[in-house]
Amino acid sequence: MAILGDNLWEEKAKIIVSQLNGTARPLALRGAREPLLARGRPGNGRTRRREPAAMEEAAGSEASFCLQKFTISDDSKDDYQYEEVPADDEFSLQGDDEDLSKALQTIQEQAEDAHILALQSVLTSEKSVSELPEAIDDFFCNFLVRFGMSRTLDCFQTEWYELVQRGVFTAKDTGLVPTVYTRNQQLEAENMCLKKDLENYKVAANKAKEAFLKMQRERDFHRMHHKRVVQEKNRLVCDIKRLKAHYASYEPVLKQLTEKYQTTLRQKMLTTLERDRALEQVTGLQATLENLESGCANQIPVTKANHECQRKKELGPTQKALQEARQQKNLGAKSSSYDPVKGAEKIGKRYPKDSEFPVDTQVNPYFVHAKEYTQPLKSGEYKLSNALKVHNLAVNCLVSHPRKDIVVTGSDDHLWKMWALPDGNIIMTGEGHTDWLSGCCFHPSGTQLVTSSRDTTVRIWDFSKHGCILTLEGHAHAVWDCSWHSCGDFVASASMDKTSKIWDVNSERCRYTMYGHKDSVNSIEFLQFSNTVLTSSADKTLSLWDARTGLRVYTFYGHLHSCNHATFNMKGDTIASCDSSGMMKLWDIRKSAPILSIDAGPHPAKQVIFDHSGRVVALASSDGSVKVLQLECGQLSSLRGHGGEVRSITFHHRAEQLLSGGADGTVCLWS
């Protein structure tokens, strides 16, 4: 397509751009080619191309074009970089020839050019390709093709072209199809399309109606279900309120019954003491009666005020019996005023192999050695000296040998291992438990070991025999902890079944099952060289028990969460406990009251332990640290070295090191 006046219009557009004040971009010229379609037929074809005069004139006329004006503000934020079209020098005004009349004439010419361009663009837009009427023969051919009348079409074309070849008539004689017929065909085609669209819309409407009805049914169903749920919720709320009111009415009665139970338990304990004293008196009177009947006349030494004196003259049978009774009474008062097992054995033993509980007035020999460590390490001075990878799974329990540089660890891998310090060389491995180990404790002599496990058993291991020598079974659920009596004849265990047991190693049986806790018993420990047992439970309480009778002596209340562990100090007058919220408490046994509370949370505390001097308390925390508390100054510090939570801690037997076991299977040594 040729563009007329190409150079002229470009020059005029450049002049207009050069005179604008920067508010518009250059004008773009766009030529528009209007394709003209002509129809005709070659000499030997069925169709012909017509070239009317109007179409020929349109093809020979000047090509149309239009001007479009693009206005782009300066603050446009598009990324495209526009380039300004520089004005040619030949159209710029010279400084010497510039005057007012020339400037006005130039502006007037530019305005006229712009008006001409606008008129031409309007005329061009109004022009369109004209539609030519359809020829008669084309109309008939199209009609027959549309209705599939192929034979009629062949006959018509044969006869038509024969007549045209003979010159009977020409194309001008036939003329064109009137516009009304063409319009009718178009309308008929549009009508068919609209009918098809109508059918499709009807189908879509029916589907939409079905979906709407389905959604309505589902909505009604869900409404009914919602109403039913709301009614059920309201009924449950009413039931809960009624049960709360009912429970509140029983609370005072339960409190009174609990107080009565505690009072009755104390009275029972006092009655047991009186009974034991009565048994002793009966035994003494029986001995006196036998002496009176036998009439023996031997001299009997009399013990009085912790010294002995011997009568020089002989006494009669009555005085002799009285002296024997007095001597037995003094000896009983010196040894223990409360020895029910011994009194029962005087009446008769049911189990000959049962061990006797030692006297409860022994002195702790370790307490004398603990006085040597009068200056314990400050918490800030504890530093990680070594980390031993002892197990592939978590270390749940840790205990130090009472005399040697040896430590025993129990793990989730069902094994316990004995290690030498400080190198960590393995000495012995114990296999036998079928589930993870929860606790371990050395025999006072250091030759045996007791372990507890989730497999509900307590096992005793002899190092000289390299294996398990006794398995104690009786708990219904996992055993959480175990402890050895200072005499070495008794073992205590605490279980998830809410009970704790006292086991006799010699007779290999359970001597007592201690009931009283309302939830899992998490830890148990003997007070050294005593028959007192300390337990902590998930019912948020601590309890003191008499191992000789299996009865509870006292209960400590104060924790708000499950108590995970409790222990005595070396002196035996203070208890340290920790719970699942990280709270650590110190209790005075003589006053039966808490003396200190330390919040080391919010992570749970797993185990708490005193050092040998009783001035430092260490706490194993689930946040992966060991908390160390200085009781004299109240300073709490954290020792970090484990990759997971710390589950067990203990002090070295010479109080030189602090050992901790973690969930990462390592044991850290802090010096």
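The structure we're discussing is the one just above.
Note that this is a predicted model, so its numbers are computed, not measured.

Novice: Explanation requested: the environment of Ser 536 in the structure shown.
Specialist: Tracing the backbone through its elements, the reader meets Ser 536 in strand E19 (residues 532-537). Sequence separation between Ser 536 and Asn 564 is 28 residues; the distance between their C-alpha atoms is 6.6 Å. Those residues in contact with Ser 536 that sit more than four places away from it in its chain are Ser 520, Val 521, Asn 522, Ser 523, Thr 541, Leu 542, Cys 563, Asn 564, His 565 and Ala 566.

Novice: Before we go on, may I ask you to explain the nonpolar core in this structure?
Specialist: Side chains of a nonpolar character, in soluble globular proteins, are inclined to be buried together. Counting residues in each nonpolar core, the largest one holds 14 residues, and the members touching the most others are Val 626 and Leu 658. Secondary-structure elements contributing two or more residues to this core are strand E27 (616-621), strand E28 (625-630), strand E30 (646-651) and strand E32 (666-670). Discounting chain neighbours no more than four positions away, the residues touching Leu 658 are Tyr 382, Ala 618, Val 626, Val 628, Leu 639, Thr 650, Phe 651, Cys 668, Leu 669 and Trp 670.

Novice: What's the story with the pattern of salt bridges in this structure? I'm lost.
Specialist: Two side chains of opposite charge can pair, provided their charged atoms sit close to one another. As enumerated under the stated definition, the model contains 17 salt bridges in all. Glu 232 serves as the salt-bridge partner of Arg 235, at 1.7 Å between the closest nitrogen and oxygen. One end of the pair, Arg 235, and the other, Glu 232, are both in helix H7 (residues 179-294), three residues apart, so they sit about a helical turn from each other. The salt bridge partner of Glu 632 is Arg 615, with a shortest N-O separation of 3.4 Å.

Novice: What is the right way to read unusual backbone geometry from this model?
Specialist: Apart from glycine, the bulk of residues carry a negative phi angle, and the bulk of peptide bonds sit in the trans form. Here the bond from Leu 421 into Pro 422 is cis, since omega is 0 degrees, no more than 30 degrees from zero. If you trace the backbone, Pro 422 turns up in the loop between strand E8 (415-420) and strand E9 (425-431). At the junction of Gly 601 and Pro 602, the peptide bond is cis and its omega measures out at 10 degrees in the coordinates. Along the chain, Pro 602 falls in the loop between strand E25 (593-599) and strand E26 (605-610). In this structure, Phe 529 is a non-glycine residue whose phi angle is positive, near 55 degrees. With respect to the helices and strands, the residue Phe 529 is situated in the loop between strand E18 (521-526) and E19.

Novice: For this particular structure, what's the right way to read the sheet that holds strand E16 (residues 500-504)?
Specialist: Across a sheet, paired strands are connected by hydrogen bonds in the backbone, their directions being either parallel or antiparallel. Ordered by their spatial adjacency, four strands build an open sheet running E14-E15-E16-E17, and the pairing between neighbours is antiparallel. Each edge of the open sheet is held by one strand with a lone partner, namely strand E14 (479-484) and strand E17 (509-514). Strand-to-strand, the axes of this sheet are offset by a mean angle of 20 degrees, without reference to chain direction. As judged from the five bridges shared by E16 and E17, these two strands associate in the antiparallel manner.

Novice: Got a minute to help me understand the packing of aromatic side chains in this structure?
Specialist: For any pair of aromatic rings, the description rests on two quantities: the centre-to-centre distance and the angle between the ring planes. Summed over the entire model, instances satisfying the criterion amount to 11 aromatic pairs. Their ring planes at 55 degrees and their centres at 5.7 Å tell us that Phe 140 and Phe 156 sit as a pair that is tilted. Of this pair, Phe 140 sits in helix H4 (residues 136-146) while Phe 156 sits in helix H5 (residues 150-166), and the two are 16 residues apart along the sequence. Phe 140 sits in the partly exposed class, given a relative accessible area of 39%. Judged by its relative accessible area of 23%, Phe 156 is partly exposed.

Criteria and cut-off values
Residues numbered from 1 in each chain as written. Predicted model: local features only at pLDDT ≥ 70, side-chain atom pairs only at ≥ 80, totals over all residues. Heavy atoms only, no water. Helix = DSSP H or I, 4+ residues; strand = E, 2+ residues; numbered from the N terminus. Contact = heavy atoms within 4.5 Å. Core = buried A, V, L, I, M, F, W, Y, C linked by side-chain atoms within 4.5 Å. Buried < 20%, exposed > 50% of the residue type's maximum accessible area, 1.4 Å probe, protein only. Salt bridge = Lys/Arg side-chain N within 4 Å of Asp/Glu carboxyl O. Pairing = 2+ DSSP bridges. Axes fitted to C-alpha atoms, helices over the stretch in contact; angles between N-to-C directions. Phe/Tyr/Trp six-rings, centres within 6.5 Å; stacked < 30°, edge-to-face > 60°.

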